[in-house]
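Take a look at the letters that make up each chain.
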Amino acid sequence: MRCPNCDSGISYYFLEEGGVEEGGEFECPSCQIQLRHIVDEGTYNGAQEKTLEIVDDD
Ligand SMILES: [Zn+2]
């Protein structure tokens, strides 16, 4: 996965180490922006779609 803000690679290992759960928020280690780990269940091919989105925090 890549940070949508700075395009830095973020590994699942990093998320596990940081205790980031599905739907959880964490800080990008590269640009320090707040991100959310999104897991989209049940896509057409049965695979989970895992993405990162920027948390809009006004
Ligand atoms: Zn980043």
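Residues numbered from 1 in each chain as written. Predicted model: local features only at pLDDT ≥ 70, side-chain atom pairs only at ≥ 80, totals over all residues.

With that settled, the discussion passes to the overall build of the protein chain. From N to C terminus, the protein chain includes one helix and three strands. Along the protein chain, from the amino end to the carboxyl end, the secondary structure elements read α-β-β-β. Dimensions of the protein chain, computed from the C-alpha atoms along their principal axes, are close to 35 × 25 × 20 Å. Within the span of the protein chain, comprising 58 residues, buried residues form 3% of the whole. In the protein chain, once contacts between residues fewer than 6 apart in sequence are set aside, the share between residues at least 24 apart is 27%. (Helix = DSSP H or I, 4+ residues; strand = E, 2+ residues; numbered from the N terminus. Buried ≥ 20, exposed ≤ 12 C-beta atoms within 10 Å, placed from the backbone. Contact = placed C-beta atoms within 7 Å.)

Turning next to the sheet that holds strand β1 (residues 25-27). Adjacent strands of a sheet form backbone hydrogen bonds with each other and so pair up, either parallel or antiparallel. The strand order across the open sheet formed by three strands is β1-β2-β3, and the pairing between neighbours is antiparallel. Of all strands in the sheet, those bounded by a partner on one side alone are β1 and β3 (49-54). In this sheet, adjacent strand axes meet at a mean angle of 35° when their direction is disregarded. Pairing of β1 with strand β2 (residues 34-40), which is carried by three bridges, proceeds in the antiparallel orientation. By the bridge assignment, E25 is partnered in β2 with R36. (Pairing = 2+ DSSP bridges. Axes fitted to C-alpha atoms, helices over the stretch in contact; angles between N-to-C directions.)

Further remarks concern the environment of C3. Along the chain, the position of C3 falls in the segment before α1 (12-17). Sequence-distant contacts of C3, that is, excluding residues within four places in its chain, are made with S8, I10, C28, S30, C31, L35 and L52.

So, about unusual backbone geometry. The backbone of D7 shows a phi angle near 65°, a positive value even though the residue is not glycine. Along the chain, D7 falls in the segment before α1. Of note in this structure, Q32 is not a glycine but carries a positive phi near 65°. Tracing the backbone shows Q32 in the loop between β1 and β2.

Residue placement: E25 occurs in strand β1. By C-beta crowding, E25 is classed as partly exposed, having 13 other C-beta atoms within 10 Å. Between the C-alpha atom of E25 and that of L35, which follows or precedes it by 10 residues, the distance is 5.5 Å. If sequence neighbours within four positions are ignored, E25 has contacts with Q34, L35, R36 and V55.

Shape descriptors only; they carry no functional weight alone.
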